[in-house]
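# Breakdown of the fold
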Amino acid sequence: MKKRRAGRAFTRRDFIKGAAMGTLGMALYGKGKPVFAGAKADAVPFTAENPESVVVLIRNERAIGAADKVDAAVVQEMIDTAVKQFSGEADAAKAWAKYVRADDTVGVKFTRCDYMRVHTDQAVIDAVVKRVGEAGVGQDRIYAQDGGLPFAKCTALINVPSVKVHTLTGIAVSMKNYINFSPAPSKYHAPSTNLGEIFLMPDVKGKTRLIVVDILRPYFGPGPQINPLHRWNYHGIMVSNDPVAVESVCLNICQAKRNLFKGEAWPITPPPDFIAAADKTYKLGTSDPAKIKLIKLGWDKDILI
Amino acid sequence: MGQSQIPDKGKILAAFPLRQALPPEISGWKTGREDQVFTRDNIFDYMNGGGEIYLAYDFQFVFVREYVRDDAPSIVAEIYQMSSSKDAFGVFNHDTDGDEVELGQGAIYAAGLLRLWKDKIFVRIMADRETPEAKAVIMQLGTTIVRAISQDGEKPNLLRALPSEGLRPKSLRYFHTLISLNAHYYLANVNILNLSPETQVAMARYEKEGSEARLLLVEYPTVERAVDAHGRFVEMFLLERFEADRKVPPKKLENGKFAGVVRGGKYLIIVIEADKKSILDWITKTTSQNLEE
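Residues numbered from 1 in each chain as written. Chains lettered and ligands numbered in written order. Predicted model: local features only at pLDDT ≥ 70, side-chain atom pairs only at ≥ 80, totals over all residues. Heavy atoms only, no water.

## With respect to the overall build of chain B
- The number of helices and strands found in chain B is nine helices and 15 strands.
- For chain B, the C-alpha radius of gyration of 21 Å lies close to 19 Å, the compact-globule estimate for 293 residues.
- By principal-axis analysis of the C-alpha atoms, chain B measures approximately 65 × 40 × 35 Å.
- Of all 293 residues assigned to chain B, the portion counted as buried reaches 58%.
- Within chain B, residue pairs in contact and separated by at least 24 positions form 60% of the contacts whose partners lie at least 6 positions apart.
- As displayed, chain B offers around 12,100 Å² of accessible surface, 45% of which is attributable to carbon and sulfur atoms.
- Positive and negative side-chain charges of chain B, numbering 37 and 42 respectively, have mean locations separated by a distance of 2 Å. (Helix = DSSP H or I, 4+ residues; strand = E, 2+ residues; numbered from the N terminus. Rg over C-alpha atoms; globule rule 2.2 N^0.38 Å. Buried < 20%, exposed > 50% of the residue type's maximum accessible area, 1.4 Å probe, protein only. Contact = heavy atoms within 4.5 Å. Areas by Shrake-Rupley, 256 points an atom, 1.4 Å probe, with all protein chains shown as cover. Lys, Arg positive; Asp, Glu negative; His and termini not counted. Charge placed at Lys NZ, Arg CZ, Asp CG, Glu CD.)

In structure tokens:
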């Protein structure tokens, strides 16, 4: 009888044993919570040679009001505070000047998903565009778009995604936000393992200066379309320059929320194996909590991480 | 899971009876943008990154109508035409979170979203934001659509083999392919069970005498394909040697839960996540008996 070879198969048992996706597997199937803030206190933003990452998470109770209305002024203040913290500058203009120059052509890549409705909020987009403009970039050289963003002519990209659990990729934040830079985006759906290669496309590679995540009202349900029961007001903004670390932190938050909602383990499925691949294969950042310095600012009620 | 020939979009819009049943205006809400229709050919124009879930069933087309009213949330009604009632049931059961409503052959309402199915039709009606008025309109639209569907459809025959005792109703899923399995329960990153559009899968969770377990009942188009999938599951998941005529006993896995598989003709009965061997044995035995009846 011919013996079947598992080859590169990863089964649920591999996750249970902790043999698949490392700490991310533990986030989905493990009992313990990962410990972030493992990087050194003076950790600097990610580079391949210095694989430690900083992620700033800021939350404000006033960011969302009645009828889920987002307060644009509060959001601007949150983004400014987070970018200042991330850059180490006390002044917002100086902080943004670290990431965009007056002679840049800047793509502000946000998420617009009509059918699912978990968009990057307009207040977040406006706040980023405003600061990019104040850094001296002319309005004619700022492209704030989702589909059709002319990334090839951009010298800098600001990645501004929303956060949602996704029925084909597991989770969709900063990495899936670039999926439509590919001429064949559907090839990164189920499996999505190679999503990281989009960041290495010649017209994309090295251009991402900053990631500003709209985690004001994330989505944790199975999809593909939204069930309003599975959306919650988290009141957060996240800033980093490491897409893998961002994905890892968001995964842990969404997984915690799912478990809370069901009152039992409700693992995100399919497991977003593209995160581990982005770390180990494409070396875009780190997914290891021990190498991610998570700085939490502001409101901490139900922070889940 | 055959797909019958799909008519062109103009013809669908002109002839779709449920479109004619929908009112042009309701409680001050009027039709917004033009009615739309998306078929298997262009479903991604409507839900890029989500169409795969519908294509995994015998989806034919979705008709979309928007209702708008000043100072009120817009409401979108989506009517999915499937080729079979069993797949309308399957799509409906993709997400069961919400409150059950007496409408059609099954309906669930959740914070501004109504989902229902009847015969070969699956419906989603959703408001941008839930308000009492919007909810009333959503329910009226749902009722109108249900009344316009003349007959009930049959649920998948496979469900009759599921043990009824201890079944957690909201856990019931029906599907065909790996993409649907992965959306509900991750077994592996490869197609261990050889799922395809021709396979039928009923999946449910059970709770009996304080123990829990999950059943995956798979019907293959041929005995040969069932045997092959049996071998793949035994060798790739249970990590045991497979011989077609040898029974592989249930196995206690690393998390302390039991897993086991039994084949009967073109059916595979897979029980996983079982707290105790006794619940695994009971589900396996009861399902086998049901299949023989």
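## So, the interface of chain A and chain B
- On the side of chain B, 53 residues touch chain A, which itself brings 40 residues to the contact.
- Summed over both partners, the interface of chain A with chain B comes to about 3,800 Å²; 53% of that surface belongs to carbon and sulfur atoms.
- Linking chain A to chain B there are six salt bridges.
- The salt bridge partner of E264 of chain A is R205 of chain B, with a shortest N-O separation of 2.9 Å.
- Within the residue set of the side of chain A that touches chain B, elements represented by two or more residues are α1 (12-16) and α6 (243-262) of chain A. (Buried area = accessible area lost by both parts, 1.4 Å probe. Salt bridge = Lys/Arg side-chain N within 4 Å of Asp/Glu carboxyl O.)

## Regarding the environment of V163 of chain A
Residue and element names in this part refer to chain A.
- With respect to the secondary-structure elements, V163 resides in the loop between β4 (156-160) and β5 (164-166).
- With a relative accessible area of 0%, V163 lands in the buried category.
- In the structure, V163 is positioned 17 residues away from N180 in sequence and 16 Å away in space, judged by C-alpha atoms.
- Those residues within four positions of V163 in sequence are excluded, and the remaining contacts are V118, A172, V173, V213, D214, I215, P218, Y219, C250 and C254.

## Comments concerning the nonpolar core
- Counting residues in each nonpolar core, the largest one holds 77 residues, and the members touching the most others are Y80, L162, L181, L193, F233, F237 and I272 of chain B.
- If one sorts the elements of this core by residue count, strand β15 (residues 267-274) of chain B sits on top with seven residues.
- For this core, the two domains that each supply at least three residues are domain 1 (9-148) and domain 2 (157-292) of chain B.
- Residues in contact with L162 of chain B, not counting those within four places in the same chain, are L167, L172, A202, Y206, L215, L217 and N290 of chain B.
- If you look at the next biggest cluster of nonpolar residues, it comprises 59 residues, including M175, I198, F274 and A277 of chain A. (Core = buried A, V, L, I, M, F, W, Y, C linked by side-chain atoms within 4.5 Å. Domains from an automatic or database assignment.)

## So, unusual backbone geometry
- Of note, the bond from G223 of chain A into P224 of chain A is cis; its omega dihedral lies within 30 degrees of zero at 5°.
- Inspection of the secondary structure assignment puts P224 of chain A in the loop between β7 (208-215) and β8 (236-240).
- Here the residue pair T269 of chain A and P270 of chain A is connected by a cis peptide bond, since its omega of 0° sits within 30 degrees of zero.
- Of note, the phi angle at S27 of chain B is positive, near 50°, even though the residue is not glycine.
- Checked against the element boundaries, S27 of chain B lands in the loop between β1 (25-26) and β2 (29-31).

## Side note on the domain arrangement of chain B
All names here are of chain B.
- Examined at the domain level, chain B breaks down into domain 1 (9-148) and domain 2 (157-292).
- A C-alpha centroid distance of 33 Å is found between domain 1 and domain 2.
- For the pair domain 1 and domain 2, the number of links is zero salt bridges.
- Where domain 1 meets domain 2, there are seven residue pairs in polar contact (both at pLDDT 80 or more).
- Looking at the side of domain 1 that touches domain 2, the elements with two or more residues in it are α4 (51-55) and α5 (85-92).
- The residue makeup of the side of domain 1 that touches domain 2, split by class, is four nonpolar, five polar and five charged. (Polar contact = N/O pair within 3.5 Å; in protein donor to acceptor, adjacent residues only side chain to side chain. Nonpolar A, V, L, I, M, F, W, Y, C, P; charged D, E, K, R; others polar.)

## What to know about the sheet that holds strand β9 (residues 292-298) of chain A
Residues and elements named next belong to chain A.
- Read across the sheet, seven strands follow the order β3-β2-β4-β7-β8-β1-β9 without closing on themselves; strand pairing throughout is mixed. Two strands in the sheet have a free side with no partner beyond their single neighbour: β3 (142-145) and β9. Strand-to-strand twist of the sheet, defined as the mean angle between neighbouring strand axes without regard to direction, takes the value 15°.
- Note: strand β2 (residues 106-110) against β4, five bridges, orientation parallel. (Pairing = 2+ DSSP bridges. Axes fitted to C-alpha atoms, helices over the stretch in contact; angles between N-to-C directions.)

## Quick look at the environment of V137 of chain A
All names here are of chain A.
- Mapped onto the fold, V137 is located in the loop between α5 (122-134) and β3.
- Residues V137 and V100 lie 37 residues apart in sequence; the distance between their C-alpha atoms is 7.9 Å.
- Discounting chain neighbours no more than four positions away, the residues touching V137 are R101, A102, D104, V106, V132 and I142.

## Re the side chain of T120 of chain A
All names here are of chain A.
- Inspection of the secondary structure assignment puts T120 in the loop between β2 and α5.
- We classify T120 as buried; its relative accessible area is 5%.
- Within the structure, the side chain of T120 is placed 3.5 Å from the backbone nitrogen of S162, a separation counted as a polar contact.
- In this structure, T120 is in contact with F110, T111, I125, V160, P161, S162 and D214, ignoring residues within four places of it in sequence.

## Thoughts on the packing of helix α2 (residues 22-29) of chain A against α6 of chain A
Residue and element names in this part refer to chain A.
- Relative to each other, α2 and α6 sit at 15°, their axes nearing to 9 Å. In this view, α2 runs roughly parallel relative to α6, as classed from their interaxial angle. By crossing handedness, the relation of α2 to α6 is classed as left-handed. Contacts between α2 and α6 involve L24, A27 and L28 on the former and, on the latter, S248, L251, N252 and Q255.
- In the contact of α2 with α6, the residues fall into four nonpolar, three polar and no charged. (Parallel < 35°, antiparallel > 145°, perpendicular 65-115°, else oblique. Left-handed = near helix turned anticlockwise from the far one by under 90°.)

## Focus on the packing of aromatic side chains
- With the rule as written, the count across this model stands at 20 aromatic pairs over all chains.
- Here F38 of chain B and Y46 of chain B contribute two aromatic rings whose centre-to-centre distance is 4.8 Å and whose plane-to-plane angle is 20°, an arrangement assigned as stacked. Both residues of the pair, F38 of chain B and Y46 of chain B, count as buried.
- Ring pairs connect the aromatic residues F220, W232, Y234, F261 and W266 of chain A, which therefore count as one cluster.
- The side chain of K208 of chain B reaches across the aromatic face of W282 of chain B, ending 4.6 Å from its centre. (Phe/Tyr/Trp six-rings, centres within 6.5 Å; stacked < 30°, edge-to-face > 60°. Lys NZ or Arg CZ within 6 Å of the ring centre and 35° of its normal.)

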